[in-house]
Amino acid sequence: MTIKISTDFSDTPGARHRDEGKYSGEEFREDMLEKDFLQAKENGEKLVIDLDGGYGYPTSFLEEAFGGLARIYPPKEVLDVLDFISNDEPSLIDDIKDYIKNANAKR
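Structure report, in brief. Given the structure is predicted, the values throughout are model-derived calculations rather than measurements.

Remarks on helix α2 (residues 25–43)
- A maximum bend of about 45° is found in α2 at Leu-33.
- Turning to α2, its buried residues number three or more, namely Gly-25, Glu-26, Glu-27, Phe-28, Arg-29, Met-32, Leu-33, Glu-34, Asp-36, Phe-37 and Ala-40.
- Just downstream of α2 lies Gly-44, where phi reads positive at about 70°.

Structure (C-alpha cells):
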C-alpha cells in the first residue's frame, strides 16, 4: 500500500489543524492516513508514504499527521507499519520518525 501525498492528497500541504485552512495535517491523518494505516496493520503489510513531488511540508503538517497518529497508536507500532520515500528531501524521513518517537511526550 502506498500513499503519494502530492497526488493522493495535495501537492501543497497546509497547517496543523482543519480550522487553519485546507489540506491540514489533521485532515490528512483523519481522512486518509489512519484508515490506510489500520488496513495495512490488519493485513500485515507496510504502508509506504511517498513524500516526493510536493511543494514542501510545513513542520506542523508533518507533526500533526504522523505525531498525531502516534498519539493514538503506540509509536513502535506506527514505525513498524509505516515506511517512507523522500528522494526530494531525505531529511524529512528522520524528522517524521522523531515526531513519531516523541509523540507521547506531547500528550
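Overview of the packing of α2 against helix α3 (residues 59–72)
- Direction vectors running N to C along α2 and α3 enclose 45°, while the axes themselves pass 9 Å from each other. It follows from the interaxial angle that α2 and α3 lie oblique. In terms of crossing hand, the pair formed by α2 and α3 is right-handed. Taking contact as the criterion, the partners of Gly-25, Glu-26, Phe-28, Arg-29, Leu-33, Glu-34 and Phe-37 in α2 are, on α3, Phe-61, Glu-64, Ala-65, Phe-66, Gly-68, Leu-69 and Ile-72.

Some remarks on the packing of α3 against helix α5 (residues 91–101)
- The geometry of α3 relative to α5 is characterised by a closest axis approach of 8 Å and an angle of 45° between their N-to-C directions. In terms of their interaxial angle, α3 and α5 are classed as oblique. Here the hand of the crossing between α3 and α5 comes out right-handed. Contact residues: Thr-59, Leu-62, Glu-63, Phe-66, Gly-67 and Ala-70 in α3; Leu-92, Ile-96, Tyr-99 and Ile-100 in α5.
- Here the residues of the contact of α3 with α5 sort into seven nonpolar, two polar and one charged.

Some remarks on the sheet that holds strand β3 (residues 82–85)
- On the basis of which strands lie adjacent, the open sheet formed by three strands has the order β1-β2-β3 and parallel pairing. What marks the edges here is a single partner per strand, and that holds for β1 (2–4) and β3. Sheet twist, expressed as the mean angle between neighbouring strand axes with direction ignored, is 20°.
- Note: strand β2 (residues 47–50) against β3, four bridges, orientation parallel. Residue pairing across strands places Asp-50 opposite Ile-85, the latter belonging to β3.
- Across the sheet, α2 touches β1, β2 and β3, and the angle it forms with β2 is around 145°.

Reading guide: rules and limits
Residues numbered from 1 in each chain as written. Predicted model: local features only at pLDDT ≥ 70, side-chain atom pairs only at ≥ 80, totals over all residues. Heavy atoms only, no water. Bend = angle between axes of the 7 residues up to and from the residue. Helix = DSSP H or I, 4+ residues; strand = E, 2+ residues; numbered from the N terminus. Buried < 20%, exposed > 50% of the residue type's maximum accessible area, 1.4 Å probe, protein only. Axes fitted to C-alpha atoms, helices over the stretch in contact; angles between N-to-C directions. Parallel < 35°, antiparallel > 145°, perpendicular 65-115°, else oblique. Left-handed = near helix turned anticlockwise from the far one by under 90°. Contact = heavy atoms within 4.5 Å. Nonpolar A, V, L, I, M, F, W, Y, C, P; charged D, E, K, R; others polar. Pairing = 2+ DSSP bridges.

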